[in-house]
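Reading the structure
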Amino acid sequence: RRVLRSPDRWDRIVEVASGLGEHLPPQPSAEALQRFLARRREADPLRFPDLSLSVVKLLGKGEYVPELPGGDSEGHFGLAVKDYLHSTAPNRRFPDLITQRLLKAAIAGRPAPYGTDDLSWLAGHCTEQEDQAGKVERQVAKPAAALLLRSRIGERFDGLVTGAAAKGTWVRIFRPPVEGRVVRGAGGLDVGDRTRVQLVGADAEKGFIDFARVHG
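Predicted model only: the values in this text are computed from it and were never measured.

Turning to the overall build of the chain, a few remarks are in order. Scanning the chain from terminus to terminus reveals five helices and seven strands. Taken from the N to the C terminus, the helices and strands of the chain come in the order β-α-α-α-β-α-α-β-β-β-β-β. Considering only C-alpha atoms, the chain reaches an extent of 65 × 45 × 30 Å along its principal axes. Looking at the chain as a whole, 36% of its 216 residues qualify as buried.

Below you can see the structure in the form of structure tokens.
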């Protein structure tokens, strides 16, 4: 299964909704979240992509897990579905190939091609490889973005906070759509906040884009 567990930062999603005049229950509810997003898409389509990005960041990352006979799956919180898997493009994702091999064996009445230990290992491996692929994509994109911005040091931009943790705070500006770290003035910022930042550094060799929070 492809699962997205109940979000640890549901309380922040509730705060974001409250800031828009909406109400979400104190306990995580995928159905309530879907209704909230549908209302916001209709009410404010221009800003909905920013809201959607904030919610996606707060929901966290999905993962692959085996669902064994007699077992149960946590489901995909973001899609508000219980039973979800990938089985569309075996030439694109290895988890799709695993699923199709299992389905073909079941339809043909043959033994499953993978045992319990195999599936557990493969699920973890596929999740890990997906994370590694994301890191490679970022390593390619960040130097290009830094190169694009290095002539704009000192300019100010409107941005959206996309990450806030002990290791740092991250902001995505809109024009151009680039993400960088807030190296000064990040105190009090959280995912979903809109803020104003100044570009203070862009190192194409290291792929670093640094912002300082400003007011006005």
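Text resumes after the structure shown.
A separate point is the pairing of strand S4 (residues 168-173). Two elements, strand S3 (residues 156-165) and S4, share six bridges in a ladder whose sense is antiparallel. Paired with Gly-159 across the bridge in S4 is Ile-173. If you look at the hairpin formed by S3 and S4, you'll find two residues sitting between the two strands. Bridge count for S4 against strand S5 (residues 179-184) is three bridges, and the pairing is antiparallel. Bridge assignment links Arg-172 to a residue of S5, and that residue is Glu-179.

A few words now on the environment of Gly-192. Structurally, Gly-192 can be placed in the loop between S5 and strand S6 (194-203). Separated by 184 residues in sequence, Gly-192 and Asp-8 have C-alpha atoms that sit 15 Å apart. Other than its neighbours up to four places away in sequence, Gly-192 contacts Arg-12, Ser-54, Leu-160 and Val-161.

So, on to helix H4 (residues 94-108). Over its 15 residues, H4 extends 21 Å from the first C-alpha to the last, a length consistent with the 21 Å expected when each residue adds 1.5 Å. When we look at burial in H4, the residues that qualify are Pro-95, Asp-96, Ile-98, Thr-99 and Ala-105.

Let us look at the confidence of the model for the chain. Summary statistics for the chain give a mean pLDDT of 92 and a share of 100% for residues scoring 70 or more. Per-element confidence in the chain is highest for strand S7 (residues 208-214), whose mean pLDDT is 96, and lowest for helix H3 (residues 48-59), whose mean pLDDT is 92.

With that settled, consider the nonpolar core. The biggest cluster of nonpolar side chains holds 18 residues, and the ones touching the most others in it are Ile-13, Leu-24, Leu-33, Phe-36, Leu-37, Leu-51 and Leu-59. When contributions to this core are tallied by element, the ones reaching two or more residues are helix H1 (10-19), helix H2 (30-43) and H3. Not counting chain neighbours up to four residues away, the residues in contact with Leu-59 comprise Leu-4, Pro-7, Ile-13, Leu-33, Phe-77 and Gly-78. Of all hydrophobic cores here, the second largest spans 15 residues; its members include Leu-149, Val-171, Val-182 and Val-197.

Turning our eyes to something else, we now look at the packing of aromatic side chains. The full count for this structure, using the stated rule, is two aromatic pairs. A centroid spacing of 5.9 Å and a plane angle of 80 degrees characterise the contact between Trp-10 and Phe-77, whose relative ring orientation is edge-to-face. Of the two residues, Trp-10 sits in helix H1 while Phe-77 sits in the loop between strand S2 (63-64) and H4, which places them 67 residues apart along the sequence. With respect to class, Trp-10 is no different from Phe-77; both count as buried.

Thresholds, definitions, all that
- Residues numbered from 1 in each chain as written.
- Predicted model: local features only at pLDDT ≥ 70, side-chain atom pairs only at ≥ 80, totals over all residues.
- Heavy atoms only, no water.
- Helix = DSSP H or I, 4+ residues; strand = E, 2+ residues; numbered from the N terminus.
- Buried < 20%, exposed > 50% of the residue type's maximum accessible area, 1.4 Å probe, protein only.
- Pairing = 2+ DSSP bridges.
- Contact = heavy atoms within 4.5 Å.
- Expected span 1.5 Å × (residues − 1).
- pLDDT = per-residue confidence, 0-100.
- Core = buried A, V, L, I, M, F, W, Y, C linked by side-chain atoms within 4.5 Å.
- Phe/Tyr/Trp six-rings, centres within 6.5 Å; stacked < 30°, edge-to-face > 60°.

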